[in-house]
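# An overview of the molecular structure
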Amino acid sequence: MGTFSKLFRATSHARRIGIWPAATVVGERLWSRKLFLGLRCDLAALPPLRPAQIPVSMNSEASASFDGFALALETARGRDVLEILHRMDICSAGWQTLYVTRSPDGLPAFVQWLIRAADQDGVHESAPGLFRSLAPGESLLEGAYTFTPLRRLGLMTHGVREVLRIAHDEGATTAFTYIAVDNVPSLRACAAAGFKLDSVRTIEWRLGRRRADVASLDDAATHTVRLSRRVQGCPVVRVRPRARVKSTYGAGVPGEASGSPNSTT
Ligand SMILES: CC(C)(COP(=O)(O)OP(=O)(O)OC[C@H]1O[C@@H](n2cnc3c(N)ncnc32)[C@H](O)[C@@H]1OP(=O)(O)O)[C@@H](O)C(=O)NCCC(=O)NCCS
């Protein structure tokens, strides 16, 4: 489904999304830049499990017949409507494999896709350029979602760790995932489940067209340093003028002596 068809579909849910979140999303698709952290997990060194407050058992289910999102959509509000629609799209695109844990009353509690290298083609076709190409033994985790009544019970922390164990037991060595830099709950859950920072992905939207760039940490750091030098050099926004303080390292220019606490680079 194209960007504008998705926006059109979202307008049919506009009342439940709310005017401000809907306008924000339209604005984001027209002109925005968002940062995602690429995380990597060494499956041979998983940390101890942190159990959720309800039992968790991640089982694979056919995404084509999974009706949890359609049910959740009936009562969803705000940006959550968009989160659900996005996952319904993933189901329609046939991404493999959806893992689900259910609450004691049988309702879906937390879901997560585990994509193996052998199943990645459909993912790259429906989301070109967004994800790294997986080598044999590598997996991708995507689409984590905790159904709203069960949030903050540790389900994502436990569920992601379970899916990583499943991947490890099958012989995979490494897992990757991408998380928006402002998605604190996901970042916390993934860190607790064993993920570490690996790369930085930028997604730019320009008049409905998406462009994704992935940079290694070294490249991203170099870019940030260059950017900060440019900002420091700009007379209008000069961040910290060089202070002239008395040097304890002889009569040289303060702040330039090697080892001085005031030295700037
Ligand atoms: C992100 C999401 C899956 C988290 O699910 P969850 O089951 O509530 O997460 P957990 O209970 O395991 O919480 C993980 C951590 O985040 C914290 N947290 C959870 N919700 C939070 C919130 N709204 N604000 C701040 N911290 C929050 C928890 O306290 C926990 O921190 P801890 O490690 O210090 O204990 C859920 O909020 C969700 O479905 N959001 C919409 C979809 C989404 O963003 N998916 C992720 C895409 S990568």
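Residues numbered from 1 in each chain as written. Predicted model: local features only at pLDDT ≥ 70, side-chain atom pairs only at ≥ 80, totals over all residues.

### Considerations on the environment of serine 60
Considering the arrangement of structural elements, one finds serine 60 in strand E2 (residues 59–61). Each residue touching serine 60, except ones within four places of it in the same chain, is listed here: Thr97, Leu98 and Tyr99. (Helix = DSSP H or I, 4+ residues; strand = E, 2+ residues; numbered from the N terminus. Contact = placed C-beta atoms within 7 Å.)

### Concerning the packing of helix H4 (residues 68–75) against helix H5 (residues 79–93)
Between H4 and H5, the shortest axis-to-axis distance is 10 Å and the interhelical angle comes to 160 degrees. It follows that H4 is roughly antiparallel to H5 by the angle criterion. In the crossing of H4 with H5, the sense of the turn from one axis to the other is left-handed. Contacts from Phe69, Ala72 and Leu73 in H4 reach Val81, Ile84, Arg87, Met88 and Cys91 in H5. Its residues assigned to classes, the contact of H4 with H5 comprises seven nonpolar, no polar and one charged. (Axes fitted to C-alpha atoms, helices over the stretch in contact; angles between N-to-C directions. Parallel < 35°, antiparallel > 145°, perpendicular 65-115°, else oblique. Left-handed = near helix turned anticlockwise from the far one by under 90°. Nonpolar A, V, L, I, M, F, W, Y, C, P; charged D, E, K, R; others polar.)

### Topic: the site of the ligand
Within the structure, the ligand sits among 20 residues, and Thr146, Arg151, Met156, Thr157 and Pro185 are positioned closest to it. Put simply, the parts of the chain that give the shell around the ligand at least two residues each are strand E5 (138–146), helix H7 (155–169) and helix H8 (184–193). In terms of residues, the shell around the ligand owes the most to one element, H8, which gives six residues. For the shell around the ligand, the residue count by class is 11 nonpolar, five polar and four charged. (Near = placed C-beta within 6 Å.)

### Digging into the confidence of the model for the protein chain
Here the protein chain averages 86 in pLDDT, while 83% of its residues score no lower than 70. This stretch, residues 241–265, has a pLDDT under 50; its non-local contacts, to residues over four places away or in other chains, come to 23 contacts. (pLDDT = per-residue confidence, 0-100.)

### Quick look at unusual backbone geometry
The linkage connecting glutamine 96 with the following residue, threonine 97, adopts the cis geometry, with an omega of 10 degrees. With respect to the element layout, threonine 97 can be found in the loop between H5 and strand E3 (98–102). A positive phi is found at arginine 152, a non-glycine position, where the angle reads about 65 degrees. The phi angle at leucine 207 is positive, at roughly 50 degrees, despite the residue not being glycine. Inspection of the secondary structure assignment puts leucine 207 in the loop between strand E7 (196–206) and strand E8 (209–216). Residue leucine 207 is classed as exposed on the basis of its C-beta count, with 8 C-beta atoms lying within 10 Å. (Buried ≥ 20, exposed ≤ 12 C-beta atoms within 10 Å, placed from the backbone.)

### Considering H8
What H8 keeps buried is the set Ser186, Ala189, Cys190 and Ala193. Seen end-on, H8 carries its buried residues on one side only, within an arc spanning 95 degrees. Of the residues in H8, the exposed ones pointing more than 90 degrees away from the buried face are Val184 and Arg188. Those residues of H8 that are buried lie in contact with strand E1 (31–42), E5, H7 and strand E6 (174–180). Once H8 finishes, glycine 194 follows within two positions and takes phi at roughly 120 degrees, a positive value. (Arc of directions from axis to C-beta.)

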